[in-house]
Amino acid sequence: MKPVNIYTDGACSGNQNQENTGGWGAVLEYGSHKKELSGGELNTTNNRMELSALLSALQALTKEGLDVRVFSDSSYLVNCFRERWYEGWRRSGWKNSKKAPVENRDLWEPLLALTERHSVSFYRVKGHVSLKQTEAKLTALYEKFVEWNGTGFTMDDFLYITEMNNRADALATAACPPMEGAEGREAGSETDTVIHFHPDEQENL
């Protein structure tokens, strides 16, 4: 079975400020078929946008039992699944190691439920990488990618994955709602999700 590749990113201009704007983007890929998703919120956080990107991508899958590969530059997201932080959260009634409530539980719980429907692997990428660099710099970045994710990826794989994650980043940035609309608007309200279908889309993901 071919894997479904999901490339995600979140953005938040003014992260940690009381008033800010955030967006998320995701690219789903199954063979030659692609689907792009994006959305945004006012008064949010970068971590929430990172989680929202993957949550929306998994919600777009119409089948269960898929082999899914997630590529993200969010160590918050990737490490939670790789190191299974969520197991401790569940055992402790959704309290963290400091006995405080786990942040973003409203996103983590549906996200965990969706990942349990599939076989999901998580891969960490470096964000905001320009492919217009010297060969030596790209080689160093590839070696770091292999250090994070193992030797199962070629240099060409790395370059393509970086290109797709840059696309997710562009979608996230474009989806950030304008700050001028913050007044009188409910904090955290979501903009319309933008969905683009690849021209040769023939089957549901």
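Residues numbered from 1 in each chain as written. Predicted model: local features only at pLDDT ≥ 70, side-chain atom pairs only at ≥ 80, totals over all residues. Heavy atoms only, no water.

**Focus on the pattern of salt bridges**
Then step 1. Enumeration over the complete set of coordinates arrives at 7 salt bridges.
Then step 2. The residue Arg-167 makes a salt bridge to Glu-36 at a minimum N-O spacing of 2.8 Å. Taken together, the residues Arg-167 in helix H6 (residues 155–175) and Glu-36 in strand E3 (residues 33–42) connect sequence positions 131 residues apart.
Then step 3. Of the residues examined, Arg-167 reaches a relative accessible area of 34% and is grouped as partly exposed.
Then step 4. Asp-106 is paired through a salt bridge with Arg-48; the nearest N and O atoms lie 2.9 Å apart. You can see Asp-106 sitting in helix H4 (residues 105–115) and its partner Arg-48 sitting in helix H1 (residues 46–59), a full 58 residues away along the chain. (Salt bridge = Lys/Arg side-chain N within 4 Å of Asp/Glu carboxyl O. Helix = DSSP H or I, 4+ residues; strand = E, 2+ residues; numbered from the N terminus. Buried < 20%, exposed > 50% of the residue type's maximum accessible area, 1.4 Å probe, protein only.)

**A closer look at the state of the cysteines**
Then step 1. Under the definition given, this model contains 0 disulfides.
Then step 2. Between Cys-12, a free cysteine, and Cys-176, which holds the nearest cysteine sulfur, the sulfur-to-sulfur gap is 7.2 Å.
Then step 3. What makes Cys-12 buried here is its relative accessible area of 16%. (Disulfide = S-S within 2.5 Å.)

**A closer look at the nonpolar core**
Then step 1. Residues Ile-6, Trp-108 and Leu-111 are the most contacted members of the largest nonpolar core, which totals 35 residues.
Then step 2. Of all elements in the fold, only strand E1 (4–13), strand E2 (21–30), H1, strand E4 (67–72), helix H2 (75–82), helix H3 (85–91), H4 and strand E5 (119–124) reach the threshold of two or more residues within this core.
Then step 3. Of all the elements, H1 adds the most residues to this core, at 7 residues.
Then step 4. Apart from the residues lying within four places of it in its own chain, the contact partners of Leu-111 are Leu-51, Leu-54, Leu-55, Leu-58, Leu-77 and Phe-81.
Then step 5. In terms of nonpolar packing, the next biggest core, distinct from the first, is built from 16 residues, Val-129, Leu-141, Tyr-142 and Phe-153 among them. (Core = buried A, V, L, I, M, F, W, Y, C linked by side-chain atoms within 4.5 Å. Contact = heavy atoms within 4.5 Å.)

**A closer look at the pairing of E2**
Then step 1. With 10 of 10 residues buried, E2 is to be regarded as a mostly interior element.
Then step 2. A two-sided burial pattern is seen for E2, the buried positions comprising Thr-21, Gly-23, Gly-25, Val-27 and Glu-29 on one face and Gly-22, Trp-24, Ala-26, Leu-28 and Tyr-30 on the other.
Then step 3. In the sheet, E2 pairs with E3 via 10 bridges, with the strands oriented antiparallel. What sits directly across from Val-27, in E3, is Glu-36.
Then step 4. Here E2 folds back onto E3, and the loop between the two strands holds 2 residues, one of which, Gly-31, carries a positive phi near 60 degrees. (Pairing = 2+ DSSP bridges.)

**A few points about H4**
Then step 1. Among the residues of H4, Leu-107, Trp-108, Leu-111, Leu-112, Leu-114 and Thr-115 are the ones counted as buried. Buried residues along H4 cover an arc of 160 degrees about the axis, so they all sit on one side.
Then step 2. Buried residues along H4 sit in contact with H1, H2, H3 and E5. (Arc of directions from axis to C-beta.)

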